[in-house]
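Structure assessment
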Amino acid sequence: MKIATWNVNSIRSRLDHVQTWLKSSEVDLLCVQETKVVDEDFPRSVFTDLGYHTYISGQKSYNGVALISRSPLEAVNTGFAAVVGDEAADYEAQKRVISGVLNGVRVVNLYVPNGSDLSSDKYEYKLGWLGVLRNYLKTLQTDHAEILVCGDFNIAPEDRDIYDPKGKETHIMSSPPEREALQRSIFDLGFSDACRQFHEDGQFTWWDYRTAGFQRNRGWRIDHHYLSEGLRDRLQSCAVDAEPRGWEKPSDHAPVVVELA
DNA sequence: ATGGCGTTAGAGTAACGA
């Protein structure tokens, strides 16, 4: 089965791209971030007409996540609080988490806060959010042997995931505290980076709209698939599809696809 | 050093993203 993650930067602005890409990529499940739309305005029928089941958690203007699946998903839930309860109360307003079970695999679709810059309140929010993520995933692990955590993490795990890492220790998405939080919330729980099973470097997933970032391949790898131990042996491929980034009026992110046996 | 581009909201800019 093929599972993709893609930050579309507004599902309504990217509707044509998402439809076109769904048809050509033939993924079983597409995990979308930054839908930027309240649930009642989500363009559901477009995907229903294409034969997909849609599960959404959105809000006005910002954030928003969705699961678009060929088969119905089981046990879908949204937000951290559905799993960890009151501890996540401060993080429920922003819609950044949706999860469902496909063929026995619990798939978690995340839109990790950006953080703005290191002196911002949003940076503290990002680190706090990642702390709750750890408990959320630990709790899921008690019920599910096989978990895939994917999404826009807004963190480049290592310097080789940035086109030019010079000076990036004070930069959002690559500062040491963010990387340490990723270590605690993902790698310390036994998850592994699907991309690293196939690629040593490159594989950028985001290029800045400004300064012709894509044309000059000034990219960052910040969208990821993380696999529980049992899924590692089933991983057939992990690849960025940079093509839609070159289309007219693109999202600034490209989709990343994993194939599991 | 700053802003650069794109989206949303909503009517001129401002917030936000990364």
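All figures in this text were calculated on a predicted structure; none of them were measured in a lab.

The mixed open sheet is built from six strands, whose spatial order is E5-E6-E7-E8-E12-E9. Looking at the sheet topology across the chains shown, the edges are occupied by strand E5 (74-78) and strand E9 (192-193). As defined by bridge partners, E5 adjoins strand E6 (residues 97-102) across three bridges and the pair is classed as antiparallel. Across the sheet, Glu74 pairs through a bridge with Val101, a residue of E6.

Here we take up the sheet that holds strand E13 (residues 235-240). Whether parallel or antiparallel, the strands of a sheet pair through hydrogen bonds between backbone atoms. Ordered in space as E3-E4-E2-E1-E14-E13, the six strands form an open sheet in which the pairing is mixed. Strand pairing shows two members of the sheet lacking a second neighbour, strand E3 (53-57) and E13, which therefore form its edges. Each strand of the sheet is rotated relative to its neighbour by a mean of 15 degrees, with strand direction disregarded. Of the strand pairs in this sheet, strand E1 (residues 2-7) and strand E14 (residues 256-260) are connected by four bridges, and their pairing is antiparallel. Bridging from a neighbouring strand, Lys2 pairs with Glu259 of E14.

Reading the values: rules and limits
Here, residues in each chain are numbered from 1, in the same order as that chain's written sequence. Starting at A for chains and at 1 for ligands, labels are handed out in the order in which the entities are written. Local features are withheld for residues below a pLDDT of 70 in this predicted model, meaning they are given only at 70 or higher, and side-chain atom pairs are given and counted only at 80 or more; totals for whole chains, interfaces and linings count all residues. The basis for the side-chain values is all heavy atoms of the structure; hydrogens and waters are excluded. We call two strands paired when DSSP finds no fewer than two bridges between them. We count a stretch as a helix when DSSP gives it H or I for four or more residues in a row; a strand needs E for two or more, and each element gets its number in order from the N terminus. Fitted lines through C-alpha atoms give the axes, limited to the stretch in contact for helices. The angle between two N-to-C directions lies from 0 to 180 degrees.

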